[in-house]
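Chain by chain, the residues run as shown.
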Amino acid sequence: MGRRAIAATLLLLVITSQARAADAAFTQFIASLWPEAQAAGVSRETFERETRGLEPDYKLPDLILPGRPKTGAPAQAEFVQVPADYVREASIARLASEGQRLLQKYRSALDEIERRFGVPATVVLAIWGRETDFGRYALPYDALRVVATQAYVGRRKDQYRTEFILALKILGEGAVTRKEMRSSWAGATGYTQFLPSEYYKHGVDLDGDGRVDIWHSVPDALASAAQQLVNKGWQAGLRWAYEVRAPANVDCTMGVPEVTKPIGEWLRTGFVPVRGQKLGASEQTQPASLLQPEGIYGPAFLTTKNYFVIKEYNFSDLYVLFVGHLSDRMTNPLPFATPWSASTQLRSADVEAIQRHLTRIGLYKDKLDGKAGMQTRAALGAYQKSAGLKVDCWPSDAVLRSMSAQR
C-alpha cells in the first residue's frame, strides 16, 4: 500500500472515529431529555421506542457543526426568486382551479370554519395549496429526526428542544405514526405545515372523531390553520390587501409596516384602487401599510392587519402575496392588474453586501440575511436619495457600484 493510500485510510479512520464520537454524544444528549419528556406526559415506552437508533441528520440546513462551516438556511424561493417567478401565473391558475373544486368537496367543513373562525374558506384552502399542493406534495424528512437534530446542533436549540419533546408527545398519543409524520427541513408537518408546538396551540378536531389529525383529516387541518390565524389576530370581514396604482411621485421608502395610515388617507394622496374598485366608508377607515414588492416596479398594495397575520404563518411577503392572490383567484379569475416587471434579483451575497453597507452608515438595523424584504428595500431607497441615485427601492448593480465607490 502506497503512502497516499495509507494516508487516505488513516483519514477515513479518523473521520469514522469522530462520527462515532459525535453520534455517541447525540445519543447521550437525547437520553438526557427523558426527564423533560416525562414531565410533558411522554411515557417511557414511547421515549424508548422512538429514540432507539435515532441518528442526527447533519445534512440539514441551519446547523452549527463544530469544525465545519455553518450550513446556513437554504435559499428559500421566497427570497431568491423575483416575484413573477414565485407568484407564477401558471401555478396560481392551476391551484385556483383545484381550489374551486375543493370548495365544493369540503363545503360543509368550510362553512363551519367560516362560521366559527371568521376566516374565509378560500384563505385556508390557499394555505393548504401553498404548503403541500393540497396534500399532493410528499414531505421529505422524518419529523422526529429533524427536530432532534435541530435541538442538538441547530441555531435555535431551545426552541427545537421543546419541539422534540412535543413531537414525542404527538407520537405517544397516537395522533400519527412515525412513518407518516413527515416534515420539511425545519420540522413543520401535516397538510398545513405545523410545528409540534403549533399543533398543540392551534389544533382543532373539526371532524369530531376525538383527535386532532392534520395529516389525514382535511377538516381538522383547515380548521387548525384558521385557528392559528385567529390566535395571531385575524379580523373577520377584513381583506388581506388591496391592489392599487401608486402615484408617479410615490416615496417607496414608506413601504414598511411602521408607516400606517387609514386607507382613505392613502387614497387622498393619489393611490387608486385597480379596475375602478370602490371602497366603502368602513374599508377606508382601516389602517394599512404600503407594499411594493419590486420597489417602484410591478404591482403595489395597501396591506391590512390580516396581511401581517398571514405573514406570521410564513415570514415572507411573497408567501403572503401567493396565498392572498390564490385565495382571491378562487372566486375571481383576474390576475394582478399591474404585471410584474422584468427585474432581476441580485445574488443573496450581493444583497447581504448592500445590507452590510446600509448598516454601516446607519440606515438599516435588521438582519444581514441577503433577502430584499421590506426593511431592506426602504433602507435602500433612503440610500439612493442620499447618493443622488434613482429612488426605486430595488437592489441593483448600480447600487452595488455606488456603494463600492464609497468604501
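Being a predicted model, the structure only gives us computed values, none of them experimental.

Conventions adopted
Residues numbered from 1 in each chain as written. Predicted model: local features only at pLDDT ≥ 70, side-chain atom pairs only at ≥ 80, totals over all residues. Heavy atoms only, no water. Core = buried A, V, L, I, M, F, W, Y, C linked by side-chain atoms within 4.5 Å. Buried < 20%, exposed > 50% of the residue type's maximum accessible area, 1.4 Å probe, protein only. Helix = DSSP H or I, 4+ residues; strand = E, 2+ residues; numbered from the N terminus. Contact = heavy atoms within 4.5 Å. Lys, Arg positive; Asp, Glu negative; His and termini not counted. Salt bridge = Lys/Arg side-chain N within 4 Å of Asp/Glu carboxyl O. Disulfide = S-S within 2.5 Å. Axes fitted to C-alpha atoms, helices over the stretch in contact; angles between N-to-C directions. Left-handed = near helix turned anticlockwise from the far one by under 90°. Nonpolar A, V, L, I, M, F, W, Y, C, P; charged D, E, K, R; others polar. Phe/Tyr/Trp six-rings, centres within 6.5 Å; stacked < 30°, edge-to-face > 60°. Lys NZ or Arg CZ within 6 Å of the ring centre and 35° of its normal. Pairing = 2+ DSSP bridges.

Visitor: I keep staring at the nonpolar core and nothing clicks. Help me out?
Guide: Taken as a class, soluble globular proteins show a tendency for nonpolar side chains to be buried jointly. Counting 89 residues, the largest nonpolar core has Ile30, Leu110, Leu125, Trp128, Phe164 and Leu229 as its most contacted members. Broken down by element, this core gets its largest block of residues, eight residues, from helix 9 (residues 143-153). Not counting residues up to four positions away in its chain, the partners in contact with Ile30 are Phe47, Thr51, Leu54, Ala148 and Phe164. Grouped together as the second largest cluster of nonpolar side chains are 12 residues, Leu346, Ile354, Tyr383 and Leu400 included.

Visitor: I would appreciate a short explanation of the side chain of Lys261 in the present structure.
Guide: Mapping Lys261 onto the fold places it in strand 4 (residues 260-262). Summary of buried charges: Lys261 has no salt-bridge partner, and the nearest side chain of opposite charge, Glu265, is 4.8 Å away. Sequence-distant contacts of Lys261, defined by excluding residues within four places in its chain, comprise Met254, Trp266, Gln286, Pro287 and Ala288.

Visitor: Looking at this model, I keep getting lost on the environment of Arg101. Mind explaining?
Guide: Summarising the element assignment, Arg101 is placed in helix 6 (residues 89-105). For Arg101, a relative accessible area of 45% puts it in the partly exposed group. Spatially, the C-alpha atoms of Arg101 and Pro56 are 41 Å apart, while their sequence positions differ by 45 residues.

Visitor: How should the environment of Asp317 be read in this particular structure?
Guide: Residue placement: Asp317 occurs in helix 16 (residues 317-329). Note: C-alpha distance between Asp317 and Leu302 (15 residues apart in sequence) is 13 Å. Not counting residues within four places of it along the chain, the set of residues in contact with Asp317 comprises Leu291, Tyr307, Lys311, Met374 and Arg377.

Visitor: Is there a simple way to explain the state of the cysteines in this structure?
Guide: The term disulfide refers to a covalent linkage connecting the sulfur atoms of a pair of cysteines. By the definition in use, this model includes one disulfide. Across the disulfide from Cys252 sits Cys393; the S-S distance is 2.1 Å. Residues Cys252 and Cys393 are joined by a disulfide whose S-S torsion is about 85 degrees; by sign, that bridge is right-handed. Here Cys252 is found in the loop between strand 3 (241-245) and strand 4, whereas its partner Cys393 is found in the loop between helix 18 (374-387) and helix 19 (397-406), with 141 residues between them in sequence. On the basis of relative accessibility, which here comes to 5%, the residue Cys252 falls in the buried class.

Visitor: I would appreciate a short explanation of the packing of helix 18 against helix 19 in the present structure.
Guide: Axis angle and axis distance: for two packed helices, these are the angle between their axes and the distance between the axes, and together they describe the pair. Viewed as axis vectors pointing N to C, helix 18 and helix 19 meet at an angle of 60 degrees, and their least axial separation amounts to 11 Å. Crossing angle aside, the handedness with which helix 18 passes helix 19 is left-handed. On helix 19, the residues touching Leu380, Tyr383, Gln384 and Ala387 of helix 18 are Val399, Ser402, Met403 and Gln406. Residues of the contact of helix 18 with helix 19, tallied by class, amount to five nonpolar, three polar and no charged.

Visitor: Quick question: what am I supposed to make of the packing of aromatic side chains here?
Guide: For any pair of aromatic rings, geometry is given as the distance between the ring centres together with the angle between the planes. Taken as a whole, this structure holds 16 aromatic pairs when the rule is applied. An aromatic cluster is present here, built from Trp240, Phe301, Tyr307, Phe308, Phe336 and Trp340 joined pairwise through their rings. Above the ring of Trp34, the side-chain terminus of Arg44 is found at 4.6 Å from the ring centroid. The cationic tip of Lys311 hangs over the ring face of Phe315; the distance from NZ or CZ to the ring centre is 4.6 Å.

Visitor: Explain the pairing of strand 6 (residues 287-291) to me, please; I cannot follow it from the model alone.
Guide: Note on strand geometry: in a regular strand, side chains alternate between the two faces of the sheet. When you tally the buried positions in strand 6, you get four out of five residues, the bulk of the element. Pairing between strand 4 and strand 6: three bridges, direction antiparallel. From the neighbouring strand, Thr260 faces strand 6, where its bridge partner is Ser289. The pairing of strand 6 with strand 8 (residues 300-303) spans three bridges and is classified as antiparallel. Within the sheet, the bridge partner assigned to Leu290 lies in strand 8 and is Leu302.

Visitor: Please clarify how the sheet that holds strand 5 (residues 272-273) should be interpreted in this entry.
Guide: To summarise the sheet geometry, strands pair through backbone hydrogen bonds and adopt either a parallel or an antiparallel arrangement. Strand order in the open sheet formed by five strands is 4-6-8-3-5, and the pairing between neighbours is antiparallel. Taken across any chain shown, the strands that pair with only one partner, and hence form the sheet edges, are strand 4 and strand 5. Looking at chain direction, strand 3 and strand 5 are connected through two bridges and run antiparallel. Note on strand 5: the bridge partner recorded for Val244 is Pro273.

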